[in-house]
Amino acid sequence: MEPTRSAVHRAVYHVQPMNDEQLLRYSRHILLPEIGVEGQEKLLASSALVIGAGGLGSPAALYLAAAGVGTITLADGDAVDLTNLQRQILHTTESIGRPKAASGREALGKINPEVKVVPLQQRLQAEGLGPLVASSSVVLDCSDNFATRHAVNRACVRHHKPLVSGAAVRFDGQVSVFDLRDDLSPCYHCLFPENAELEEVRCAVMGVFAPLTGIIGAVQAAEALKLLAGAGETLKGRLLILDALAMQWRTVKLAKDPACSRCSGERSSSPRTRPAPCAPR
Ligand SMILES: [Zn+2]
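In this numbering scheme, every chain counts its residues from 1 along its sequence in written order. Per-residue local features are limited, in this predicted model, to residues with pLDDT of at least 70; the limit for side-chain atom pairs, both in listing and counting, is 80 or more; totals at the level of whole chains, interfaces and linings are taken over all residues. Each side-chain value is derived from all of the structure's non-hydrogen atoms; neither hydrogens nor water enter the calculation.

Engineer: I'm lost on the overall build of the protein in this one. Help?
Structural biologist: In terms of regular secondary structure, the protein is built from 11 helices and eight strands. Exposure classes here rest on a 1.4 Å probe applied to the protein chains alone. A residue is buried below 20% of its type maximum, exposed above 50%, and partly exposed in between. The proportion of buried residues among the 281 residues of the protein is 52%. Working rule for contacts: check all heavy atoms of both residues, and any pair within 4.5 Å makes them a contact. Partitioning the contacts of the protein with sequence separation of at least 6, the portion at a separation of at least 24 is 68%. The protein chains shown are the only cover counted for residues, whose accessible areas, like all others here, come from Shrake-Rupley with a 1.4 Å probe. Summed over its atoms, the accessible surface of the protein is roughly 13,200 Å², and 54% of this surface lies on carbon and sulfur atoms. Secondary structure elements are taken from DSSP: a helix is a run of H or I of four residues or more, a strand is a run of E of two residues or more, and numbering for both begins at the N terminus.

Engineer: Would you explain the coordination of the zinc ion in this entry?
Structural biologist: A four-donor tetrahedral metal ideally has 109.5 degree angles, and a six-donor octahedral metal ideally has angles of 90 or 180 degrees. Note on donors: an N, O or S atom is included if it sits within 2.8 Å of the metal, or within 3.2 Å for Na, K and Ca, and water is never included, so sites can look incomplete. At this site the zinc ion is bound by Cys187 (SG), Cys190 (SG), Cys260 (SG) and Cys263 (SG), with donor distances of 2.3 Å. All geometry calls rest on donor angles, where a four-donor set with angles between 85 and 135 degrees is tetrahedral, four- and six-donor sets with opposite donors more than 155 degrees apart and all others between 65 and 115 are square planar and octahedral, and all else is irregular. Relative to the metal, the four donor atoms surrounding the zinc ion lie at angles of 97 to 121°, and the coordination shape comes out tetrahedral. For the zinc ion, all donor residues lie on one chain, and their spacing in sequence is C-x2-C-x69-C-x2-C. Taken together, the residues Cys190 in helix α9 (residues 188-191) and Cys260 in the segment after β8 (248-253) connect sequence positions 70 residues apart.

Engineer: Any chance you could explain the environment of Thr234 here in plain terms?
Structural biologist: Relative to the elements of secondary structure, Thr234 occurs in the loop between α11 (210-229) and β7 (238-243). For the pair Thr234 and Glu223, spaced 11 residues apart in sequence, the C-alpha separation works out to 6.0 Å. Setting aside residues no more than four positions away along its own chain, Thr234 makes contact with Val177, Glu223, Lys226 and Leu227.

Engineer: Is there a simple way to think about unusual backbone geometry in this case?
Structural biologist: Glycine aside, a negative phi is what most residues show, and trans is what most peptide bonds show. If you check the backbone angles, His160 has positive phi at about 55° while not being a glycine. Here His160 shows up in the loop between α8 (146-159) and β5 (162-169). According to the relative accessible area criterion, His160 is partly exposed, its value standing at 44%. Even without glycine at this site, Arg170 takes up a positive phi of about 50°. Topologically, Arg170 is positioned in the loop between β5 and β6 (172-179).

Engineer: What am I meant to see in the pattern of salt bridges here?
Structural biologist: Oppositely charged side chains can form a pair if their charged atoms are brought close together. Salt bridges are counted wherever a side-chain nitrogen of Lys or Arg sits within 4 Å of a carboxyl oxygen of Asp or Glu. Scanning the entire structure with this criterion turns up nine salt bridges. Among the ionic pairs, Asp182 bridges to Lys236, the shortest N-O distance being 2.8 Å. One end of the pair, Asp182, is in the loop between β6 and α9; the other, Lys236, is in the loop between α11 and β7, and 54 residues separate them in sequence. The partner of Glu223 in a salt bridge is Lys226, and the shortest N-O contact between them spans 2.8 Å. Of this pair, Glu223 and Lys226 both sit in helix α11, three residues apart, roughly one helical turn. Put simply, Arg98, Glu106 and Lys110 are held in one network by salt bridges that share partners.

Engineer: Even after reading the chapter, I still don't get the packing of aromatic side chains, so can you show me in this structure?
Structural biologist: Each aromatic ring pair is described using two quantities: the centre-to-centre distance and the angle formed by the ring planes. Put simply, two rings from Phe, Tyr or Trp (the six-membered ring, in Trp's case) pair if the centres are within 6.5 Å, and we call them stacked under 30 degrees between planes, edge-to-face over 60, tilted for the rest. Per the counting criterion, the structure on display carries three aromatic pairs. Seen in terms of ring centroids, Phe171 and Phe209 are 4.8 Å apart; in terms of plane orientation they differ by 35°. Their pairing is tilted. Taken together, the residues Phe171 in the loop between β5 and β6 and Phe209 in the loop between α10 (203-206) and α11 connect sequence positions 38 residues apart. Judged by relative accessible area, Phe171 falls into the partly exposed class, the value being 30%.

Engineer: What is the right way to look at the nonpolar core in this model?
Structural biologist: One recurring pattern in soluble globular proteins: nonpolar side chains tend to sit buried together. Residues belong to one nonpolar core when they are buried, are Ala, Val, Leu, Ile, Met, Phe, Trp, Tyr or Cys, and are joined through side-chain atoms within 4.5 Å. Counting 40 residues, the largest nonpolar core has Leu64, Leu108, Val138 and Leu140 as its most contacted members. No other element matches the nine residues that α11 contributes to this core. Not counting the four nearest positions on each side in its chain, Val138 is found in contact with Ser47, Ala48, Leu49, Pro162, Val164, Ala224, Leu227 and Leu228. Listed in part, the 27 residues of the second largest apolar core include Leu129, Ala151, Cys156 and Leu191.

Engineer: When you look at the pairing of β7 in this model, what are you seeing that I'm missing?
Structural biologist: Residues in a regular strand project their side chains so that they alternate between the two faces of the sheet. Here the rule is simple: two strands pair whenever DSSP picks up at least two bridges between them. Pairing analysis gives five bridges linking β6 to β7, with the strands arranged antiparallel. Paired with Val175 across the strands is Leu240, a residue of β7. Where β7 folds back onto β8 in an antiparallel hairpin, the turn is made up of four residues, including Met247, whose phi is positive at roughly 50°.

Here it is, written out as structure tokens:
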């Protein structure tokens with residue numbers, strides 16, 4: 001007897017058939033032909049690394065947990081501050097002073113106790129990132145500084161992992177996917193070279209429109225879920241830019257930099273100047 005497509009899929013992804021409660025919990029995904037039972041089982045068998053449990057990481061992690069991504073590693077070295085609560089919807093007034101990773105795990109567990117949430121109370125450095133990135137299906141960069149962004153990019157290039165990168169400051173947001181499983185994909189460094197003269201705009205001093213982080217973080221979750229379920233087309237090779245004040249979106253095509261010192265193996269000799277991204281916390 002021929003094995004069914006679902007049986008083959010389960011053997012490949014090492015997943016159990018969903019129980020009745022899961023079939024109900026995820027029924028609105030299962031009804032989508034682009035996701036269905038197989039796509040949902042891929043999500044359940046997947047792991048996501050979310051770097052930053054702030055403005056972007058909050059909505060991103062909430063949607064990943066609600067959607068049933070099997071394991072979510074939530075990394076953040078900060079504690080919840082009163083100034084965070086205007087936009088960082090993972091955390092509550094009662095969480096002030098608590099580590100964001102622990103506060104985030106509690107919030108995600110209340111939405112979906114099935115999901116395994118691993119809280120990491122640390123700002124990840126290059127050496128700690130390698131094994132975490134290597135063991136994740138997808139990486140979401142929801143951080144707020146260039147040093148972390150470039151360290152995350154380096155680890156994703158090295159381990160050929162898809163990187164969903166978001167940024168938001170004032171009323172300006174941007175989001176893209178660097179699908180580093182594909183050697184032809186640009187990386188974050190192709191777009192924002194580490195040696196370029198970039199102005200690091202931190203939202204601690206610049207301000208940020210509360211729902212802007214929700215919009216960009218939710219787009220990051222959508223792209224991660226599509227990558228994990230194998231649905232649709234991602235933002236690979238495209239930078240999506242939002243002007244929330246005018247509520248206008250535009251798309252810029254991204255090309256791999258053949259001289260990129262991160263993903264092309266050749267060193268760039270001429271620093272370039274590009275507009276700076278930022279992600280608030
Ligand atoms: Zn590159």
